[in-house]
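# Report on the structure
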Amino acid sequence: MKRNGPILSLTSILLYCFMYTPIVVVAIFSFNASKYGVAWKGFTTKWYGVLFNNEQALRAAENTLILASASAAIATLLGTLLGYGLSRYWFPRKKFVATLMYVPVVIPDILMAVALLMFYGLMRDALGIFELGLSTMIFAHITFQIAFVAVVVKARMVGMDPALEEAARDLGANRWNVFWRITFPLMFPGIMSGALLAFTLSLDDFVVSFFTSGPGSTTLPILIYSSVKRGITPDINALSTLMVCASVLLVAGVTALQPRKNYHEK
Amino acid sequence: MAHASASPSSPDAAAAVELQNVEKRFADFTAVTGINLTIKKGEFFSLLGPSGCGKTTLLRMIAGLEFPSSGKVLIAGQDVHDVPACERPVNTVFQSYALFPHMTVRDNIGFGLRMKGMGRDEIRVRVDKIMELVQIGQFAERKPHMLSGGQRQRVALARAVVNEPTVLLLDEPLGALDLKLRKELQFELVALQRRLGITFICVTHDQEEALTMSDRIAVMNRGHIEQLGAAEDLYESPRTRFVGGFLGTCNIIEGSVTNRGPGGASVTTAAGPMRVEFRKDSDATRRDKLTLGIRPEKVRLREEPGNEQENCFPVTVKELQYIGSETHYLLDCSGLQLSAEVMNSKVGSQGFEAGQKAFVYLPPAGLVVLDD
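Residues numbered from 1 in each chain as written. Chains lettered and ligands numbered in written order. Predicted model: local features only at pLDDT ≥ 70, side-chain atom pairs only at ≥ 80, totals over all residues. Heavy atoms only, no water.

## Some thoughts on the sheet that holds strand β10 (residues 224-229) of chain B
Residue and element names in this part refer to chain B. The condition that has to hold: Note on pairing: two strands pair once DSSP finds at least 2 bridges between them. Under the DSSP-based scheme used, a helix requires at least four consecutive residues in state H or I and a strand at least two consecutive residues in state E, with every element numbered from the N terminus. Each axis is a line fitted through C-alpha atoms, and for a helix only the stretch in contact is used; angles between axes span 0 to 180 degrees, taken between their N-to-C directions.
Strand order across the open sheet formed by six strands is β6-β7-β8-β3-β9-β10, with mixed pairing between neighbours. Lying at the two open borders of the sheet, with one neighbouring strand each, are β6 (90-93) and β10. The average angle at which neighbouring strand axes cross in this sheet is 20 degrees, direction not considered. In this sheet, β10 lies alongside strand β9 (residues 216-221) in antiparallel orientation, the contact comprising five bridges. In the strand pairing of β10, I217 is matched with G229.

## Topic: the pattern of salt bridges
Short version of the rule: Each salt bridge in this description consists of a side-chain nitrogen of Lys or Arg and a carboxyl oxygen of Asp or Glu lying within 4 Å of one another. Three exposure classes are used, based on accessible area relative to the maximum for each residue type with a 1.4 Å probe and protein chains only: buried under 20%, partly exposed in between, and exposed over 50%.
This structure, assessed with the given rule, holds 17 salt bridges over all chains. Salt-bridge contacts for R106 of chain B lead to D128 of chain B; the nearest nitrogen and oxygen are separated by 3.1 Å. On the criterion of sequence distance, the pair formed by R106 of chain B in helix α2 (residues 105-115) and D128 of chain B in helix α3 (residues 120-133) is long-range, its members being 22 residues apart. Using a relative accessible area of 33% as the deciding quantity, one classes D128 of chain B as partly exposed. Connected via shared salt-bridge partners are E166 of chain A together with R60 and E66 of chain B.

## Some points on the interface of chain A and chain B
When the parts of a complex come together, some accessible area is lost, and that lost area is often used as the size of the interface. Heads up, the condition is: Contact criterion: two residues are considered in contact whenever any of their non-hydrogen atoms come within 4.5 Å of each other. As a working definition, buried area equals the accessible area (1.4 Å probe) given up by two parts on being put together, with both sides summed.
Listed per partner, the contact involves 21 residues of chain A and 26 residues of chain B. Taken together, the two surfaces of chain A and chain B that pack against each other cover about 2,200 Å², and 60% of this comes from carbon and sulfur. Applying the counting criterion to the chain A and chain B interface returns one salt bridge. In this structure, R60 of chain B engages E166 of chain A in a salt bridge whose closest nitrogen and oxygen atoms are separated by 2.6 Å.

## Regarding empty space enclosed by the protein
Residue and element names in this part refer to chain B. The criterion, for reference: Definitions used throughout: a 1 Å grid over protein atoms alone; a cavity as a set of points that fits a 1.4 Å probe which cannot get out; a pocket as an open set with protein on both sides within 12 Å along at least five of seven lines; a lining residue as one with an atom within 4 Å of a point. Grid points are joined across faces, edges and corners, and a volume is the space filled by probe spheres set on the points. For this scheme, ten residues count as nonpolar: Ala, Val, Leu, Ile, Met, Phe, Trp, Tyr, Cys and Pro. Four count as charged, namely Asp, Glu, Lys and Arg, and the remainder, Gly too, count as polar.
In total, this model carries two cavities of 30 Å³ or more according to the counting rule given. In this structure, the second largest cavity encloses a volume near 50 Å³. Taken together, M61, E66, F67, P68, G71, K72, V73, D79, V80, H81 and R88 form the lining of the second largest cavity. Top element by residues in the lining of the second largest cavity is strand β4 (residues 70-75). It accounts for three residues. The residue inventory of the lining of the second largest cavity, partitioned by class, reads five nonpolar, two polar and four charged.

## Things to note about the domain arrangement of chain B
Residues and elements named next belong to chain B. Keep this limit in mind: Domain start and stop points were drawn from an automatic or database domain assignment.
Domain annotation for chain B reports domain 1 (15-237) and domain 2 (249-370). Taken over C-alpha atoms, the centre of domain 1 sits 40 Å from the centre of domain 2. Buried area between domain 1 and domain 2, summed over both chains or domains, comes out near 380 Å², and the portion from carbon and sulfur atoms is 40%. Looking at the side of domain 1 facing domain 2, the largest losses of area belong to Y235, E236 and S237, adding up to 97% of the total buried there.

## Observations regarding a nonpolar patch on the surface
All names here are of chain A. Filter applied, for reference: Patch definition: residues with relative accessible area over 30% and no salt bridge; like charges joined within 9 Å; nonpolar side chains (Val, Leu, Ile, Met, Phe, Trp, Tyr) joined within 5 Å. Using the Shrake-Rupley algorithm and a 1.4 Å probe, accessible areas are obtained, with residue cover drawn only from the displayed protein chains.
A cluster of nonpolar residues, L15, Y16, F18, M19, Y20, I23, V24, I28, W40, F43, V244 and V248, forms a patch on the protein surface that exposes about 1,200 Å² of accessible area. Taken together, the elements giving at least two residues each to the nonpolar patch come down to α1 (6-29) and α12 (234-257). Positionally, L15 belongs in helix α1.

## Comments concerning the confidence of the model for chain A
All names here are of chain A. The test is simple: The score called pLDDT rates the predictor's confidence residue by residue, from a low of 0 to a high of 100.
For chain A, the mean per-residue pLDDT works out to 88, and 95% of the residues sit at or above 70. Mean pLDDT across the elements of chain A ranges from a minimum in α12, with 84, to a maximum in helix α8 (residues 162-170), with 95. This model gives residues 261-266 a pLDDT under 50, and the stretch forms 15 contacts once residues within four places in sequence are excluded.

## A word on the environment of P221 of chain A
All names here are of chain A. Along the polypeptide, P221 turns up in helix α11 (residues 220-228). Put simply, P221 and I7 are 214 residues apart on the chain and 38 Å apart in space, counted from C-alpha to C-alpha. Here P221 is in contact with T64, L203, D204, D205, F206 and M243, once residues within four sequence places are set aside.

## Description of the packing of helix α7 (residues 134-158) of chain A against helix α9 (residues 175-204) of chain A
A pair of packed helices can be characterised by two numbers: the angle between their axes and the separation between those axes. Residue and element names in this part refer to chain A. Rules: An angle counts as roughly parallel when it lies under 35 degrees, as roughly antiparallel when it exceeds 145, as roughly perpendicular when it falls between 65 and 115, and as oblique in every other case. Note: crossing handedness is left-handed where the near helix turns anticlockwise from the far helix by less than a right angle, and right-handed where it turns clockwise.
Where α7 meets α9, the closest approach of the two axes is 8 Å, and the angle between their N-to-C directions is 150 degrees. With respect to α9, the axis of α7 lies roughly antiparallel. Crossing hand, α7 versus α9: right-handed.

## Details of the layout of surface pockets
Think of a ball as big as a water molecule: rolled over the atoms, this probe shows where empty space is left. Residues and elements named next belong to chain A. For the largest pocket, the calculated volume is near 630 Å³. Sorting the residues of the lining of the largest pocket by element identifies α3 (55-88), α8 and α9 as the ones contributing at least two each. Residues belonging to the lining of the largest pocket are distributed by class as follows: twelve nonpolar, three polar and five charged.

## Concerning the sheet that holds strand β19 (residues 357-361) of chain B
By definition, the strands of a sheet pair up through backbone hydrogen bonds, in either a parallel or an antiparallel sense. Residues and elements named next belong to chain B. The five strands are arranged β15-β19-β16-β17-β18 in an open sheet whose pairing can be described as antiparallel. Each having just a single partner strand, β15 (300-302) and β18 (336-343) make up the two edges of the open sheet. With strand direction ignored, the average angle separating the axes of adjacent strands in the sheet is 45 degrees. Examined bridge by bridge, strand β17 (residues 326-333) and β18 share eight bridges and lie antiparallel to one another. Across the sheet, residue D332 finds its bridge partner in β18, namely Q337.

## Quick notes on the packing of aromatic side chains
The geometry of an aromatic ring pair comes down to the distance between the two centres and the angle between the two planes. The line we're drawing: Pairing of aromatic rings covers Phe, Tyr and Trp, the last counted by its six-membered ring, and requires centre-to-centre distances within 6.5 Å; plane angles under 30 degrees mean stacked, over 60 mean edge-to-face, and any other angle means tilted. Placement of a positive charge over a ring is assigned whenever Lys NZ or Arg CZ falls within 6 Å of the ring centre and within 35 degrees of the normal to the ring plane.
Inspection of every chain in the model, using the stated rule, returns 24 aromatic pairs over all chains. Note on Y16 of chain A and Y20 of chain A: the rings are 6.1 Å apart at their centroids and 20 degrees apart in plane angle, and the pair reads as stacked. Here Y16 of chain A pairs with Y20 of chain A, and both are found in helix α1, just four residues apart, close to one helical turn. On the basis of relative accessibility, which here comes to 44%, the residue Y20 of chain A falls in the partly exposed class. For the ring pair F119 of chain A and Y120 of chain A, a centre distance of 6.0 Å and an interplane angle of 50 degrees mean the geometry is tilted. By way of ring pairs, the aromatic residues Y84, Y89, W176, F179, W180, F184 and F188 of chain A are connected into one cluster. Taking NZ or CZ as reference, R159 of chain B lies 4.6 Å from the ring centre of F100 of chain B, over its face. Positioned above the aromatic ring of Y235 of chain B is the side chain of R295 of chain B, whose terminal nitrogen or guanidinium carbon lies 4.0 Å from the ring centre.

Pasting the structure below:
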């Protein structure tokens, strides 16, 4: 590999600093003994202790995990089917349907959030369903997660030689065996990275959650938002630091599941 | 629809595969049409043709990966119209090899037997035996991406033949390999076929590969079979201009018949009057315009006219290529371009120089009448 010149290296370092300094500052201040302001008063881990005794924060954490797991699970199932269908079957207007899939990826969160809020309101008036709460948040998250899962799964399928499935049929495998012994194992890394991506998106989502939450379904991002309005406290720094760590771990998981070079034969 | 085919022909007991009036149409084009073909048991058969001629489509219809739009496919005398790919007694070596990347070599080869429901121990014995046969025993526990091209090719071959199919289909089996390896594997494939006695049907666009490996070859062009025969028949007596040009090189000479005799005719060409002999079954006896073909190595080049009364013409040497064992000449024969390949069998200085005047003799037996 070519060695980079010093200017390129310097630009890269500055860019990374720009991106990560705010996060690092938050992490540092989560260990600051001072309760108010930005003056450094010594190292402490007590804010993490405070956080773990904060009833409200724990409830929010629980909600966040339920929301992320439930929505990611359903979105992974549906998104996988969508990605598989779009790459393996032909139907009229397929291109249009495939393009439609990208809309939730590019649409601004706030539009999605307002649209969902209106939709839930209409449904509530008309049918008396979709009372705002954890379940409406789960549905809301699924709507944007599906697209991400489907994109990842579809990309994985496109990279797969269609002759592999034909070879399995040729060797005596029926549809069931072709899918479970060949297609699914080869799709699996794609499905897993789709699932982790969906989970991370849900974990970090504020806008859609904020609009579709109801009483008692506060999640961590919403809790942080409402706490910050009363001033940044060190335990919020601690909470933010933990959420960043969780997200980084999940993203690392997604990266580890990407196929290594040369794995796919042409 | 295909069942109600009017063809009364009964299945041939010695046939491994029979195609009866097979046609395959895709949405916007016809891939193959009017295919009638009988492939004998235990034969090494090749489908040869340029890309897009329909040879792979034909192979895929035998495998059950495509279905004919009309006509019948019979395997071992049985109409396989309703038999899905997974139940046909055929196996395929795919052009891309299509080895399962998440399985070891051993599991790849054992996949077909496992699908048949064979027991673990039996599978192990058979897989070991076949790996020994194609010399890949030491790679048993490797994944396909850790193998070289040649090794993958052997695994693909082993994975197919371990199932002891009635027919083995090979789609450009050596296409992805370099020249040296390809030569080696050509011999190995033939040896393997003789040893196993399985019918091989091989699709290739490489004429040399088809000529060296096959018992019989079907030359395909634009969705139909141009000519069917043994390698020597095809090369020595091509019936069409396409076959003449696709298998090796062929000088093409156009002419019109002036004097018809029994078994032959006199033809007027740009070079002068030429004597040709007709094949027994040729319809050329009735035509007035003829296309003649002659292989460059059948053209005799000499300094003097010689004793022959006919088919001897003065030429000018335009260009030459010295290959070592032979020299290739490009000749001008009264405006007609001819190429000649002359063995350098004499000791010392050979042949002719560019610009030199000389004579060619085109032996009537070497001149074949080609259909368009």
